[in-house]
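A look at the structure
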Amino acid sequence: MTDHGHDEESHASTGSGSASRGGLSRRQVMTASAVAAGVGLAGIPAQADAAAGGQAVSLGVSGTTTVEFRGRVTQSGDTGQSFTSYGYLIRASNADDSGLFADTAHNETTALLTAYATGNLLARVTDVSVASSVHSLDIVGTMTIYQRSQPGASFDDPSSFQVGTPVASYDMTLQDVLTVFMPGQGLPTLTGDMLQTASATLSGPLAGQKFGRPGAQLRFFATGLGALIDPVKLHSQLEIAGNWSIE
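Keep in mind it's a predicted model, so treat the numbers as computed, not measured.

Our next topic: the pattern of salt bridges. Inspection of the entire model under this criterion finds four salt bridges. Glu239 serves as the salt-bridge partner of Arg70, at 2.9 Å between the closest nitrogen and oxygen. Residue Arg70 is found in strand β3 (residues 65–76), and its partner Glu239 is found in strand β10 (residues 235–246); the two are separated by 169 residues along the sequence. With relative accessibility at 24%, the residue Arg70 sits in the partly exposed group. On the basis of relative accessible area, Glu239 is assigned to the partly exposed category, the value being 23%. Here Glu239 makes a salt bridge to Arg72, at a shortest N to O gap of 2.7 Å. Here Arg72 lies in strand β3 and Glu239 lies in strand β10, a separation of 167 residues in the sequence. In this structure, a network of salt bridges that share partners links the residues Arg70, Arg72 and Glu239.

Below, the structure is given as structure tokens:
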């Protein structure tokens, strides 16, 4: 989730650097969240147990990429402190195209697994030089994955990515590093940690399989192109694509 008007200072949903404001590392914050939810991290295997319909979607061997996605991020609020992201899964481990798309055309209108996330800014750092500027945002938020029985999502309607059955949820801490290469335009790189907090059984072509596993720890990465929409309130919009991998 990105901030285009970082020229003014602030912070977003992802722990910049390795520590959060309270002095806790990003991993400590994630582990504390898991304990609070009654989730034991030590017992989570790298590969999901076989379910009735096969292995859990989105899990795999430690260090491997298990999900790829395409999405959009909007930054809003009086000071650009709020983030909303929505998109769809392009690929997921233990799932073939019939479980991801309703047609041979692969885009948001045919996607069957969609994502919707919200986040808040924790901190912002701006480094401006004569030629360019670099902004770093720390953001914390949550994301939910939805399974649709019928396709129909549209980037013109963010709420359409919340249609269907929630099949997984995550806590997220991200760092957004934005390189401004010309006025109102920037190249963002988003990285951070994800902790799965809920999982449900899928239906349709993926019937019997779970989406992930509570307590699973993952690494998030995305990049794309952003545009500043309101330089006063620091509103921006970012088109992104990326992936997450098993830690």
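Here we take up the pairing of β3. In terms of strand pairing, β3 meets β10 through 10 bridges, oriented antiparallel. Of the residues in β10, the one forming a bridge with Glu68 is Asn243. One ladder, built from 10 bridges, connects β3 with strand β4 (residues 82–92); its direction is antiparallel. Bridge assignment links Arg72 to a residue of β4, and that residue is Tyr86. Linking β3 to β4, which pair antiparallel, is a turn of five residues; within it Gly77 sits at a positive phi near 100 degrees.

Reading guide: rules and limits
- Residues numbered from 1 in each chain as written.
- Predicted model: local features only at pLDDT ≥ 70, side-chain atom pairs only at ≥ 80, totals over all residues.
- Heavy atoms only, no water.
- Salt bridge = Lys/Arg side-chain N within 4 Å of Asp/Glu carboxyl O.
- Helix = DSSP H or I, 4+ residues; strand = E, 2+ residues; numbered from the N terminus.
- Buried < 20%, exposed > 50% of the residue type's maximum accessible area, 1.4 Å probe, protein only.
- Pairing = 2+ DSSP bridges.

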